Amino acid sequence: MAEGSSTPLASSRWAPAADQLPRDLAELAGPVHGAVTLPLHLAWSGLQTFDLGDEKLLLGMYRIVLLNGRHEDCAHYLDANLLVSRWPVLREMLGRGVRTVWEQRFPRLRRVADA
């Protein structure tokens, strides 16, 4: 059974469309270490390569993917365990629309943030 919630997702021009989110956090199988270079459609301004061993760069890359990524980008560049463990910090780096959509789809993220 997928983790995704069956409740309707918030609609906002500053939030990803529901069909751009993974259905389950298990779909997020991105790298957990090393250097990652994001494509131009995600990182069009500034830094494109991120060392996942550097917490600040890891959070920056996740923020970019969460804000700009499509379904396939999320699955390719995000790791479920890293996302969940960093969510309390990441959620503060995102706009309310993005944060709300992700937390509605994945109640686990909200529970981690509230802990």
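Note that this is a predicted model, so its numbers are computed, not measured.

A.B. asks: Looking at this structure, I do not really get the nonpolar core. What am I missing?
C.D. replies: Note that soluble globular proteins tend to have their nonpolar side chains buried in a common cluster. By size, the foremost hydrophobic cluster in this structure holds 31 residues, and its most contacted members are L38, L83 and W102. For this core, the secondary structure elements donating two or more residues are helix 1 (55–68), helix 2 (71–77), helix 3 (80–93) and helix 4 (96–105). With seven residues, helix 1 is the largest single contributor of residues to this core.

A.B. asks: Explain helix 3 here, please?
C.D. replies: The periodicity of an α-helix, 3.6 residues per turn, causes residues three or four places apart in sequence to face the same way. Of all the bends in helix 3, the greatest reaches close to 75° and is centred on W87; the proline P88 follows between one and four positions later. Considered for burial, the residues of helix 3 that qualify are A80, L82, L83, V84, W87, L90 and R91. In this structure, the buried residues of helix 3 make contact with helix 1, helix 4 and helix 5 (107–114). Capping the start of helix 3, D79 holds a side-chain oxygen 3.1 Å from the backbone nitrogen of N81, two or three residues further along.

A.B. asks: I would appreciate a short explanation of the environment of L82 in the present structure.
C.D. replies: The residue L82 is located in helix 3 in this model. Its relative accessible area of 12% is what places L82 among the buried residues. C-alpha of L82 to C-alpha of L58: the two residues are 24 residues apart in sequence and 9.2 Å apart in space. Ignoring any residue separated from it by four or fewer positions in sequence, one finds L82 in contact with P31, V32, L58 and Y62.

The rules behind these values
- Residues numbered from 1 in each chain as written.
- Predicted model: local features only at pLDDT ≥ 70, side-chain atom pairs only at ≥ 80, totals over all residues.
- Heavy atoms only, no water.
- Core = buried A, V, L, I, M, F, W, Y, C linked by side-chain atoms within 4.5 Å.
- Buried < 20%, exposed > 50% of the residue type's maximum accessible area, 1.4 Å probe, protein only.
- Helix = DSSP H or I, 4+ residues; strand = E, 2+ residues; numbered from the N terminus.
- Bend = angle between axes of the 7 residues up to and from the residue.
- Contact = heavy atoms within 4.5 Å.
- Polar contact = N/O pair within 3.5 Å; in protein donor to acceptor, adjacent residues only side chain to side chain.

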